[in-house]
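# A structural walkthrough
Each chain is listed here by its residues.
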There are 2 protein chains.
Amino acid sequence: MPIEPYGGTLVDRTVAPDEAAALREGAADMPRIRLSDRVLSDLYLLSVGGLSPLTGFMGSEDYESVLGRTRLAGGLPWSVPIVLPATPEEATALAPGRTAALIAPDGRVAGLVDAEEVYDRQLERECSSVYGTTDTDHPGVAAVHALGPRYVAGPVRWLYEDDMSGFPDRNLTPAKVRERIAERGWRTTVAFQTRNPIHRAHEYIQKCALELVDGLLVHPLVGETKPDDVPPDVRMRCYEVILEHYYPEDRVLLSVLPAAMRYAGPREAIHHAIMRRNYGCTHFIVGRDHAGVGNYYGTYDAQEIFETIDRDALGIRPMKFEHAFWCTVTGQMATAKTSPSGPDQRIFLSGTKVREMLARGERPPAEFSRPEVADVLMEAYRE
Amino acid sequence: MPIEPYGGTLVDRTVAPDEAAALREGAADMPRIRLSDRVLSDLYLLSVGGLSPLTGFMGSEDYESVLGRTRLAGGLPWSVPIVLPATPEEATALAPGRTAALIAPDGRVAGLVDAEEVYDRQLERECSSVYGTTDTDHPGVAAVHALGPRYVAGPVRWLYEDDMSGFPDRNLTPAKVRERIAERGWRTTVAFQTRNPIHRAHEYIQKCALELVDGLLVHPLVGETKPDDVPPDVRMRCYEVILEHYYPEDRVLLSVLPAAMRYAGPREAIHHAIMRRNYGCTHFIVGRDHAGVGNYYGTYDAQEIFETIDRDALGIRPMKFEHAFWCTVTGQMATAKTSPSGPDQRIFLSGTKVREMLARGERPPAEFSRPEVADVLMEAYRE
């Protein structure tokens, strides 16, 4: 019942527990590549099919094609390189045909890669293509600079012993989310990407979208984010209390996406949509400045890029929204499209403003935050 | 900028005023066909392009094809026969090749038809195909029975001297609506069909839809309706006050559709959508039991029929909604899809209930009607 996975088949590079234990032992004798948290996220997503049809880290041909024409070499739209950076020392130990152990930041074996190619990254070109800037103040650019400079390509296997998301009970794989969607009989499902607490503005947009489809996947990203973003566990409590009190249980799924934020704006919006297609969603909410940071992207860039991507190939459809606020004229949530209010008739707080209020022990107004969510945030900031 | 008219070209069978006056005079010597109000509506809509690509009343080939396979003979989806019924006496005076004067219910010349064919209707078949019933208690079926039994086919011209809608200032032709859409730069426009006063439930659905497109056409049907429907002038005042107070001016157009209601449920939903495509809309709101009456249609029939119609050919997309209500749990408008409420936590009144309240001089609650709308209705029922 859910939409076909991207490229047609849901990839599964996980390994049964017994076999995984044996492979982990065997990994002791292999060349090693140490992963950052963000590469660990990519490895996980590759393994559970979140990045289908990719079965492993990209070779130079796909890498070139993604940078140059926002497609895989085979033609499928793709916006963000999924690459395995290695140091020169790590790369030297690796000839094509060898298998390397992929080591998580905690030192444990996370997986294997069957190396098919080792190549040089194109640092400047990658940054300007993907992030639209080579400025190392950009957190995505900085993250690229911190790794490399060699990329290792090849199919992967997932061997990490525990859940890697921090939310074992909430980390449904694409296959599991698809099962839930099928059980509920949803023909259409919209995904909501978030790396922030959930306020009434988000609730409003989600519910607008839900009115037009069968189900909603609230799909917070819980991989690496900026240090000033609200920690994932606090956000998770916010999602839980708002869903409990304000949403009908049979129309919503809450699960996490253990991806790292790239802050690549428009290109990341496409990437977020592709992952959600693999999780079984037909629609994807794209707000203003989706996946943006600072002033690197125009307000609508992440919405407009969808017009440049082959719509039928992408398959998942964007649902584009403006910023929402409480409108004192109509006494309800709205956006500038649906409200006759002037700027001083709108109740809206920026993320920075909310954090300042919370730091001072002040409660966000009920027009902005559901009280149950405000309680969670007040408590988190008291700690 | 607006979507291409249905079939590619916006039909215009109106005539310049001088020429129209001359043709009206000449009509005195022609055979005559008296029109009912509902056929007058079809003649008008044919003439201004609301029924493009039709340039006149259907011949037997299109009629057959519409009844049998919900398409014009040429293949374009079409759901409702647009036919010119004539009495045996009227038909006798008409040979193919003759032009007949079409006489409005007020006795004035409304237009001309260049008769190309005169054929017998298929009474039972038409009723069961279009209305799903042959029960003469159905108001659409009763209207078919009241006319005929011969149908006259051929291209038309529009000669009526005055506006026929009752709302000369609000009756924008498809070409005019398209101009306004283009002026505003809307790439996508959703139409809202209504034959009822506008309450908060309608406002909610319209605004949900509007969040996803550029503009909203509030397009009340002001042709013939059932005697127990609220009169069009009262409804118009409701639309005007709610738009004035609760909608942003630059995102909404209010214009009338001088079509008669057929109460043909699913087939009429398609018909309503096709007309709105001709008025320049890309999306069309379809609620539960759209264009229904009594218990002749299933709740979702009018939404589901869209799945059986060639989507690309139709071009205009349905936006399907559930019934909306005030949810006392979340303190906002919602539907069962977006609210965790039980039935007794919802504030909703049926049309019948509202009319009963108004008849008793009672004010509908603020959760159901905007106070400005309630004022209009209270006043109308005091008269």
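Residues numbered from 1 in each chain as written. Chains lettered and ligands numbered in written order. Predicted model: local features only at pLDDT ≥ 70, side-chain atom pairs only at ≥ 80, totals over all residues. Heavy atoms only, no water.

### Comments concerning the relation of the copies chain A and chain B
- Expressed as a screw operation, the relation of chain A to chain B combines 0.0 Å of axial shift with a rotation of 180°, fitting to an RMSD of 0.0 Å. As the rotation angle and translation indicate, the two copies are arranged about a two-fold axis. Residue Cys208(A) of chain A places its C-alpha closer to the rotation axis than any other residue of that unit, at 2.6 Å. (Least-squares fit on C-alpha atoms with pLDDT ≥ 70 in both.)

### Quick word on a negative patch on the surface
- Taken together, the side chains of Asp310(A), Asp312(A), Asp310(B) and Asp312(B) make up a negatively charged region of the molecular surface.
- Within the secondary structure layout, Asp310(B) lies in the loop between helix H11 (301-304) and helix H12 (311-314). (Patch = residues over 30% accessible without salt bridge, like charges linked within 9 Å, V, L, I, M, F, W, Y side chains within 5 Å. Areas by Shrake-Rupley, 256 points an atom, 1.4 Å probe, with all protein chains shown as cover. Salt bridge = Lys/Arg side-chain N within 4 Å of Asp/Glu carboxyl O. Lys, Arg positive; Asp, Glu negative; His and termini not counted. Charge placed at Lys NZ, Arg CZ, Asp CG, Glu CD. Helix = DSSP H or I, 4+ residues; strand = E, 2+ residues; numbered from the N terminus.)

### A word on the packing of helix H8 (residues 200-211) of chain A against helix H8 (residues 200-211) of chain B
- Running from N to C, H8(A) and H8(B) point in directions that differ by 100°, and their axes come no closer than 9 Å. Here H8(A) is positioned roughly perpendicular relative to H8(B), judged by the angle of their axes. On the side of H8(A), the interface is formed by Tyr204(A), Cys208(A) and Glu211(A), while H8(B) contributes Tyr204(B), Cys208(B) and Glu211(B).
- Tallied by class, the residues present in the contact of H8(A) with H8(B) amount to four nonpolar, no polar and two charged. (Axes fitted to C-alpha atoms, helices over the stretch in contact; angles between N-to-C directions. Parallel < 35°, antiparallel > 145°, perpendicular 65-115°, else oblique. Contact = heavy atoms within 4.5 Å. Nonpolar A, V, L, I, M, F, W, Y, C, P; charged D, E, K, R; others polar.)

### Structural notes on the confidence of the model for chain A
- Across chain A, the average pLDDT comes to 95, with 99% of residues at 70 or higher.
- Interface confidence in the predicted complex, given as ipTM, is 0.93; pTM for the same model is 0.94. (pLDDT = per-residue confidence, 0-100.)

### Side note on the packing of aromatic side chains
- Using the criterion set out here, one finds 14 aromatic pairs over all chains in the structure.
- Taken together, a centroid distance of 5.2 Å and an interplanar angle of 70° make the contact between Tyr44(A) and Trp158(A) edge-to-face. On the criterion of sequence distance, the pair formed by Tyr44(A) in helix H2 (residues 37-48) and Trp158(A) in strand S7 (residues 150-158) is long-range, its members being 114 residues apart.
- Using a relative accessible area of 6% as the deciding quantity, one classes Tyr44(A) as buried.
- Above the plane of the ring of Tyr246(A) lies Arg370(A), whose end atom (NZ or CZ) is 4.0 Å from the centre.
- When the ring centre of Tyr247(B) is taken as origin, the NZ or CZ atom of Lys207(B), which lies over that ring, is 4.7 Å away. (Phe/Tyr/Trp six-rings, centres within 6.5 Å; stacked < 30°, edge-to-face > 60°. Buried < 20%, exposed > 50% of the residue type's maximum accessible area, 1.4 Å probe, protein only. Lys NZ or Arg CZ within 6 Å of the ring centre and 35° of its normal.)

### Digging into the interface of chain A and chain B
- Contact residues are listed per partner, giving 30 residues for chain A and 30 residues for chain B.
- With both chains or domains summed, chain A and chain B bury close to 2,500 Å², and 51% of this area falls on carbon and sulfur atoms.
- Seen at the junction of chain A and chain B, the total is zero salt bridges.
- Counting the contacts that link chain A with chain B gives 22 residue pairs in polar contact (both at pLDDT 80 or more). (Buried area = accessible area lost by both parts, 1.4 Å probe. Polar contact = N/O pair within 3.5 Å; in protein donor to acceptor, adjacent residues only side chain to side chain.)

### What about the sheet that holds strand S10 (residues 252-254) of chain B?
All names here are of chain B.
- Taking strand neighbours across the sheet as the criterion, the five strands line up as S10-S9-S8-S11-S12 in an open arrangement whose pairing is parallel. Edge positions in the sheet fall to S10 and strand S12 (317-320), since each of these pairs with one other strand and no more. Strand-to-strand, the axes of this sheet are offset by a mean angle of 25°, without reference to chain direction.
- Pairing analysis gives two bridges linking strand S8 (residues 189-194) to strand S11 (residues 283-286), with the strands arranged parallel. Directly across from Val-190, in S11, lies its bridge partner His-283.
- In the packing of helix H9 (residues 232-246) onto the sheet, contacts are made with S8, strand S9 (215-220) and S10, and the angle to S10 comes to roughly 160°.
- Most of the contacts of helix H10 (residues 265-278) go to S11, to which it runs at about 150°, and overall it touches S8, S9 and S11. (Pairing = 2+ DSSP bridges.)

### Quick word on the nonpolar core
- Judged by nonpolar contacts, the single largest core of 86 residues is most densely connected at Leu216(A), Tyr247(A), Leu216(B) and Tyr247(B).
- Once residues within four sequence positions are removed from consideration, Tyr247(A) is found in contact with Ile198(A), Glu203(A), Gln206(A), Lys207(A), Leu216(A), Ile242(A), Val252(A) and Pro340(B). (Core = buried A, V, L, I, M, F, W, Y, C linked by side-chain atoms within 4.5 Å.)

### Thoughts on the sheet that holds strand S13 (residues 325-327) of chain B
All names here are of chain B.
- Strand order across the open sheet formed by three strands is S14-S13-S15, with antiparallel pairing between neighbours. Among the strands making up the open sheet, the edge pair consists of strand S14 (332-334) and strand S15 (346-347).
- Where S13 and S15 come together, two bridges link them in antiparallel fashion. Within the sheet, the bridge partner assigned to Cys-327 lies in S15 and is Arg-346.

### Focus on the domain arrangement of chain A
Residue and element names in this part refer to chain A.
- With domains assigned, chain A is organised as domain 1 (6-158) and domain 2 (174-382).
- Centre-to-centre separation of domain 1 and domain 2, based on C-alpha positions: 28 Å.
- Listed by partner, the interface residues are 32 residues for domain 1 and 30 residues for domain 2.
- Where domain 1 abuts domain 2, roughly 2,600 Å² becomes buried across the two surfaces, and 59% of that area is made up of carbon and sulfur atoms.
- If you look at where domain 1 meets domain 2, you find one salt bridge.
- In this structure, the connection of domain 1 to domain 2 is made through 18 residue pairs in polar contact (both at pLDDT 80 or more).
- Among the elements of the structure, H2, helix H3 (60-69), helix H5 (123-131) and helix H6 (139-145) are those that each provide at least two residues to the side of domain 1 that touches domain 2.
- With seven residues, the top contributor of residues to the side of domain 1 that touches domain 2 is H2.
- In terms of residue class, the side of domain 1 that touches domain 2 is built from 16 nonpolar, ten polar and six charged. (Domains from an automatic or database assignment.)

### A short note on helix H7 (residues 174-184) of chain B
All names here are of chain B.
- Turning to H7, its buried residues are Pro-174, Val-177, Arg-178 and Ile-181. Relative to the axis of H7, the buried residues are bounded by an arc of 100° and lie together on one face.
- At its buried positions, H7 is contacted by helix H2 (37-48), S8, S9, S10 and H10.
- Note on H7: the residue one or two positions beyond its end, Gly-185, has a positive phi of about 75°. (Arc of directions from axis to C-beta.)

### Overview of unusual backbone geometry
- In the segment running from Ser52(A) into Pro53(A), the intervening peptide bond is cis, with an omega of 10°.
- Here Pro53(A) shows up in the loop between H2 and strand S2 (56-57).
- Look at the link from Gly148(A) to Pro149(A): it is a cis peptide, with omega at 5°.
- With respect to the helices and strands, Pro149(A) occurs in the loop between H6 and S7.
- One non-glycine residue with positive phi stands out, namely Asp289(B), at about 55°.
- With respect to the helices, strands and loops of the structure, Asp289(B) is situated in the loop between S11 and H11.

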